[in-house]
Amino acid sequence: MAAIHAREGTPIEGDGLSRPAGATAPSRPLLQIEDLRTYFDTDRGIIKAVDGVSYEINPGEVLAVVGESGSGKSVTAMSIMGLVQSPPGRIASGAIRLAGEDLIGKSEREMLAIRGSRIAMIFQDPMTSLDPVFTIESQMAEAILQHRDVGGAEARDIAIEMLARVHIPDPARRLGAYPFELSGGLRQRVMIAMQLALRPSLLIADEPTTALDVTVQAQILSLLKEVQAEFNMAILLITHDFGVVQRIADRVAVMYAGRVMETASVRSIVETPRHPYTRALLSSRPRIGERGRLRAIPGTPPNLANPLPGCPFANRCAEVDDSCWIDVPRLRAVGPDRQVRCIREDSA
Amino acid sequence: MAETTVTASQSEPSNGLVRRREWEAREAQAVRQAESSLRLFWIALQRDKLAMASALFLTVVVIMTIFAPVVAPYDPYEADPALRLQGFGTEGHILGLDGQGRDILSRLIYGARVSLPIALAPVIVATAISLLLGLIAGFYRRGIGEFIMRVLDVFYAFPTVMLAIAIAGILGPGMPNVMLSIIVVLIPFITRVVYTATMTIAEEEFIQAARACGASDLRIILHDVLPNVLSPVIVYGTTTMGLQTVFAAGLSFLGLGVQPPIADWGIMTAEGRSVLGIAPHVSAVPGVMLLLVALAFNLLGDGLRDALDPRLRQ
Amino acid sequence: MSGDTSLLEVRDLAKSFPIRTGGVFSREAARLTAVDGVSFSIRAGETLGLVGESGCGKSTTGKMVMRLIDPTSGIIRYQGQDIQTLKYQELRWLRQEVQMVFQDPYSSLNPRRTIAEIIAYPLEISGKYRGKTLRDRVLELLEQVGMDPNHANRYPHQFSGGQRQRIGIARALALSPKLIVLDEPVSALDLSIQAQIINLLQDLQRDLGLAYLFISHDLNVVEYLSDRVAVMYLGKIVELANSDDLFQQPQHPYTRDLLSAALSERVRGEQALLQGEIPSPIRIPSGCRFRTRCRKAVGQCTAEIPALGETSETAPGHRVACHFPEDA
């Protein structure tokens, strides 16, 4: 399993990722994704939305998966949750292990139990996951009663306690509210409270602040960080925004065209990005205090129905040469806390 | 560091170039034959076997109707009293003969010339009127739109069949009157479909963009809104045609529509009523035909809806 | 400030929407104040950034400038002409002078038209182009925004978000306007594409001498395009200054909080967060509308509405609406 530490320069495809720097030794990762492939069968052929993704999350860790649209970051999350609609989607191969137990192949019934109690998920738009015709109380109580062994009165108490935990003022009164009566920020808080009530060990947050205003965004991120520490919960944060990553993540996996291109601690990624894509992405973002021209990445992300023969970034990469077009480079460990998928790292 | 699994060192650089060219060619090809909306629609429709079968069936029916004098084996009014009420498989009369000894197959084919137009023409006319009303009401929701929809709501409130019977009853029997009553009955339904679709489209940013370009309301309605509301209307119209085939026949059956001796599927069914016990086929044949045509229109409508919906196409 | 040098001049612009009860006998139950007394001007070739969070009225302001929405009160002058009073022919002139790029590259292009038809639309309406001149102009525009002219006969759904936004920009450029309202033109785009579009907008401004009204919620991108920036909060401009002044020496507490929220990526861990959320535009707080979230609010802030004015010691043109502006 992943306990074997990859030697520097050794291909580790299909193996787990190495631990973040400073993490305590070989405790088992909470979630381990190995060579996951999620494909969609469409009119235009097979779309390989996730094509050999491996990463792992340790208990209590925040892993940010960063990527642009079509990078496969959300499809990976849906695969973990067992929510990939089939057809057209299917998990072609790979393993998703939660505390050592493979989730692929579990029945819908088993997944239902796992989704509620061990893995929770919050989405970009909380309105779509809250039922507009029920009050916050009935939705929270239903979830709590279903997954925890408590009575009705107790469920209400838990709901109030959780709303208070996420700093919703006057929680007892808010219980009677309908989702549309709450602002976007409050709705996201309610969603977080609902998930916390089930005491999951892993929270998947899919663009949790993208729909919110900057000032509210900051509030929700600091709340996530706070409850993560308090509940010793791991967070898989899916985002396109490096600002969000830098605020709360411990480690980052950068995805592109269905593959992980680079993983490292947040600090290493931001300060010394090694993959050309990571570098290009970081330098293309606009920043306060700078003017003039932005260093844009030319071209557009690849058409997943016609994948590139070699490195998926080859057609946009500034450092490309002919050899990049031959084979997909391997994701290999380069240093204790970093992996890079680039042919340069092979020959370095 | 020197891992032998790395293939790059073994390959010629030109190998990479070849692969790159191949990919670029594929990419260009994918974009070139890039799915025009029509092609995607056709692919999606072809996959729906029931809809394709329905389309085929309706095509055959329409062709037979148009070429009735050529296709039909007998004159539909020519009676052979000796063979009255003979059943299926009678020599020379596959579908048997009716109470007066007329060939049922021939009457069925000629009947379509009455039954189909009587059902389809009103749908087409009603759709045209509804498009006008619905586009105006959906685009100008306050004032005129409000007025149109409220007036139509009054018609909505009456049961459809009752309303049509009442209109046909007041105007007296006859084909034009039946058609008129069907048109009146259909307008509120189709208008609502157009209205809802128009409202949705009118909210889209490209309508504002058209305004910003200086387009007049009339131009926006015709150039931007209309092409986008056509598909739901076509779907609804197709499904409605099935219903109207039965409905028009029903009015004839009740004696409010076309009058005997004209061959019409409704009348044929009605005529067979008195001999239902001894010769059920006289009613059953036009009845089943009505059912099949109605079903075919419905299935085709469903198929069109799925094929026209880009979300279901993906 | 002499009005004759500015291309666009907006004075005391306000817009409120009635909120009606349902039913046949609907009556006005409340008013939603979207824009409440906004004044600014834009000179030829200049970019004014209009920044704020959702519901601050920045998009409504842009639409009023485009005359897509009628203001409740206030005046918008384009080249000295009150645009509200323009009749049919003059309105056509305005549509050639002032254009708009929309936020959503998916909903802003008619899905049933080819991109050539979409770009040709304003040209056809203007009546100035037909036949070959029309076709040539469309191809020229496609090239200008970095699209392959061979793609002219494709439909919008065949393009990515960034390419669609280029098409939207080509449509806005078609009649050679002098002012373009950019309503969040990059916020729906991926990071790597965002930079391409910002660069394109910069190039076009330089080459064509365009003026922009650049509406955005993202402070990170505003600075790249804007000469001056206006920060809006609940329908009012709370601060207006040169880009450099505003980003380096923000004077309004709200501007400061916005900036620190946007900058927070560089500041890990705890820092002062702006508390609460924007109040409902149906019930706007009395006095200074930011007071419910302001760290410095005192009694005066509840009682008096602060005017947008220059503070004596700062650079001219740096205006702030606060009783207790931050020191430079």
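Residues numbered from 1 in each chain as written. Chains lettered and ligands numbered in written order. Predicted model: local features only at pLDDT ≥ 70, side-chain atom pairs only at ≥ 80, totals over all residues. Heavy atoms only, no water.

Another aspect to go through is the overall build of chain A. A tally of regular secondary structure across chain A gives 12 helices and 12 strands. Taking 348 residues into account, the globule formula puts the C-alpha radius of gyration at 20 Å, and chain A, at 21 Å, falls close to it. Within the span of chain A, comprising 348 residues, buried residues form 57% of the whole. A separation threshold of at least 6 residues defines the contact pool for chain A, and within that pool the share at least 24 residues apart is 66%. When the 39 positive and 42 negative side-chain charges of chain A are each reduced to one mean point, those points stand 4 Å apart. (Helix = DSSP H or I, 4+ residues; strand = E, 2+ residues; numbered from the N terminus. Rg over C-alpha atoms; globule rule 2.2 N^0.38 Å. Buried < 20%, exposed > 50% of the residue type's maximum accessible area, 1.4 Å probe, protein only. Contact = heavy atoms within 4.5 Å. Lys, Arg positive; Asp, Glu negative; His and termini not counted. Charge placed at Lys NZ, Arg CZ, Asp CG, Glu CD.)

Quick look at the confidence of the model for chain A now. Model confidence for chain A is summarised by a mean pLDDT of 84, while 92% of its residues fall at 70 or above. This stretch, residues 1-25 of chain A, has a pLDDT under 50; its non-local contacts, to residues over four places away or in other chains, come to 65 contacts. (pLDDT = per-residue confidence, 0-100.)

Locating Gln79 of chain C in the fold gives a position in the loop between strand E4 (73-78) and strand E5 (81-82). Beyond its immediate chain neighbours, meaning those up to four positions away, Gln79 of chain C contacts Leu7, Trp93, Glu97 and Lys178 of chain C.

Position of Ala152 of chain C among the secondary structure elements: in the loop between helix H4 (131-144) and helix H5 (161-173). Excluding its chain neighbours within four sequence positions, the residues that come into contact with Ala152 of chain C are Thr114, Ile115, Ala116, Leu139 and Leu142 of chain C.

Here the focus is the pattern of salt bridges. Residues and elements named next belong to chain A. Taken as a whole and judged by the stated rule, the model has 41 salt bridges over all chains. Residues Asp51 and Arg37 are paired through a salt bridge, measuring 2.8 Å at the closest nitrogen-oxygen approach. With a gap of 14 residues between them, Asp51 in strand E2 (residues 45-57) and Arg37 in strand E1 (residues 31-42) connect regions that are remote in the sequence. Owing to a relative accessible area of 9%, Asp51 belongs among the buried residues under this scheme. Residue Arg37 is classed as partly exposed on the basis of its relative accessible area, which comes to 22%. With a shortest N-O distance of 3.6 Å, Glu161 and Arg165 are connected by a salt bridge. One end of the pair, Glu161, and the other, Arg165, are both in helix H5 (residues 152-165), four residues apart, so they sit about a helical turn from each other. When salt bridges with common partners are traced through the structure, they connect Asp35, Arg37, Asp51 and Arg259 into a single cluster. (Salt bridge = Lys/Arg side-chain N within 4 Å of Asp/Glu carboxyl O.)

With respect to the secondary-structure elements, Glu207 of chain A resides in the loop between strand E7 (202-206) and helix H8 (214-231). The contacts of Glu207 of chain A, once residues within four sequence positions are left out, are Lys73, Phe123, Gln124, Ile238, Thr239 and His240 of chain A.

A common way to express how large an interface is: the accessible area buried when the components associate. Facing the 23 residues of chain C at the interface are 25 residues of chain B. Taking both sides of the interface into account, the surface hidden between chain C and chain B amounts to around 2300 Å²; carbon and sulfur atoms contribute 53%. Considering only the side of chain C, the residues that lose the most area to chain B are Arg112, Tyr121 and Ile125 of chain C, jointly responsible for 26% of the buried surface there. For the interface between chain C and chain B, the tally reads zero salt bridges. At the junction of chain C and chain B, the tally comes to 11 residue pairs in polar contact (both at pLDDT 80 or more). Class assignment of the residues belonging to the side of chain C that touches chain B gives a composition of eight nonpolar, seven polar and eight charged. (Buried area = accessible area lost by both parts, 1.4 Å probe. Polar contact = N/O pair within 3.5 Å; in protein donor to acceptor, adjacent residues only side chain to side chain. Nonpolar A, V, L, I, M, F, W, Y, C, P; charged D, E, K, R; others polar.)

This paragraph deals with the packing of helix H5 (residues 104-139) of chain B against helix H6 (residues 144-157) of chain B. Residues and elements named next belong to chain B. Across the interface, H5 lies against H6 with an axial gap of 7 Å and an inter-helix angle of 130°. One way to sum up the angle between H5 and H6 is to call them oblique. Handedness of the crossing formed by H5 with H6: left-handed. Contact residues: Leu133, Ile136 and Ala137 in H5; Ile144, Gly145, Ile148 and Met149 in H6. Each residue belonging to the contact of H5 with H6 can be placed in one class, and the counts come to six nonpolar, one polar and no charged. (Axes fitted to C-alpha atoms, helices over the stretch in contact; angles between N-to-C directions. Parallel < 35°, antiparallel > 145°, perpendicular 65-115°, else oblique. Left-handed = near helix turned anticlockwise from the far one by under 90°.)

Our next topic: the sheet that holds E7 of chain A. Residue and element names in this part refer to chain A. Here eight strands make up an open sheet; going across it, the order is E6-E7-E8-E3-E9-E10-E12-E11 and the pairing mixed. Pairing within the sheet leaves two strands with one partner each, and these edge strands are strand E6 (119-122) and strand E11 (331-333). Geometrically, the sheet is characterised by an average inter-axis angle of 20° between neighbouring strands, direction not taken into account. Examined bridge by bridge, strand E10 (residues 259-265) and strand E12 (residues 339-341) share two bridges and lie antiparallel to one another. Looking at E12, one finds that Thr263 is bridged to Gln339. (Pairing = 2+ DSSP bridges.)

Residues and elements named next belong to chain B. Scanning the entire structure with this criterion turns up 11 aromatic pairs over all chains. Summarising the aromatic geometry, the rings of Phe139 and Tyr140 are spaced 5.3 Å apart at their centres and angled 85° between planes, so their arrangement reads as edge-to-face. What makes Phe139 buried here is its relative accessible area of 12%. Look at Tyr156 and Phe189: their rings are 5.1 Å apart centre to centre, the planes differ by 40°, and that puts the pair in the tilted class. With Tyr156 in helix H6 and Phe189 in helix H8 (residues 175-202), the pair connects residues that are 33 residues apart, well separated along the chain. The ring centre of Tyr156 lies 5.4 Å from the NZ or CZ of Arg192, which sits over that ring. When the ring centre of Phe253 is taken as reference, the NZ or CZ atom of Arg273 above it lies at 5.0 Å. (Phe/Tyr/Trp six-rings, centres within 6.5 Å; stacked < 30°, edge-to-face > 60°. Lys NZ or Arg CZ within 6 Å of the ring centre and 35° of its normal.)

What follows covers the confidence of the model for chain C. On average, residues of chain C carry a pLDDT of 88, and 93% of them reach 70 or more. The ipTM assigned to the predicted complex is 0.87, against a pTM of 0.84.

Strand residues, when the strand is regular, have side chains that alternate between the two faces of the sheet. Residue and element names in this part refer to chain C. Pairing geometry for strand E1 (residues 6-20) and strand E2 (residues 28-43), over 12 bridges, is antiparallel. The residue of E2 that forms the bridge with Pro18 is Arg31. Alignment of E1 against E4, held across five bridges, turns out to be antiparallel. Residue Ala14 lies in a different strand from E4, and its bridge partner there is Ser73.

With that settled, consider unusual backbone geometry. Phi at Ala99 of chain A is positive, roughly 50°, even though this residue is not glycine. With respect to the helices and strands, the residue Ala99 of chain A is situated in the loop between strand E4 (89-98) and strand E5 (101-102). With a relative accessible area of 35%, Ala99 of chain A lands in the partly exposed category. The backbone of Leu234 of chain C sits at a positive phi, close to 45°, despite the residue not being glycine. On the secondary structure map, Leu234 of chain C appears in the loop between strand E9 (228-233) and strand E10 (236-242). For Leu234 of chain C, a relative accessible area of 1% gives the class buried.

Right, let's talk about the interface of chain A and chain C for a bit. On the chain C side, the residues contacting the 42 residues of chain A number 45 residues. Roughly 3600 Å² is buried in total at the junction of chain A and chain C, and carbon and sulfur atoms are behind 48% of that figure. The largest contributions to the chain A side of the interface with chain C come from Arg247, Ile288 and Arg291 of chain A, which together make up 22% of the buried area. Inspection of the chain A/chain C interface yields one salt bridge. Taking the shortest distance from any N to any O, the salt bridge between Arg293 of chain A and Asp203 of chain C comes out at 2.4 Å. Counting across the chain A and chain C interface gives 14 residue pairs in polar contact (both at pLDDT 80 or more). Taken together, the residues of the side of chain A that touches chain C sort by class into 16 nonpolar, 15 polar and 11 charged.

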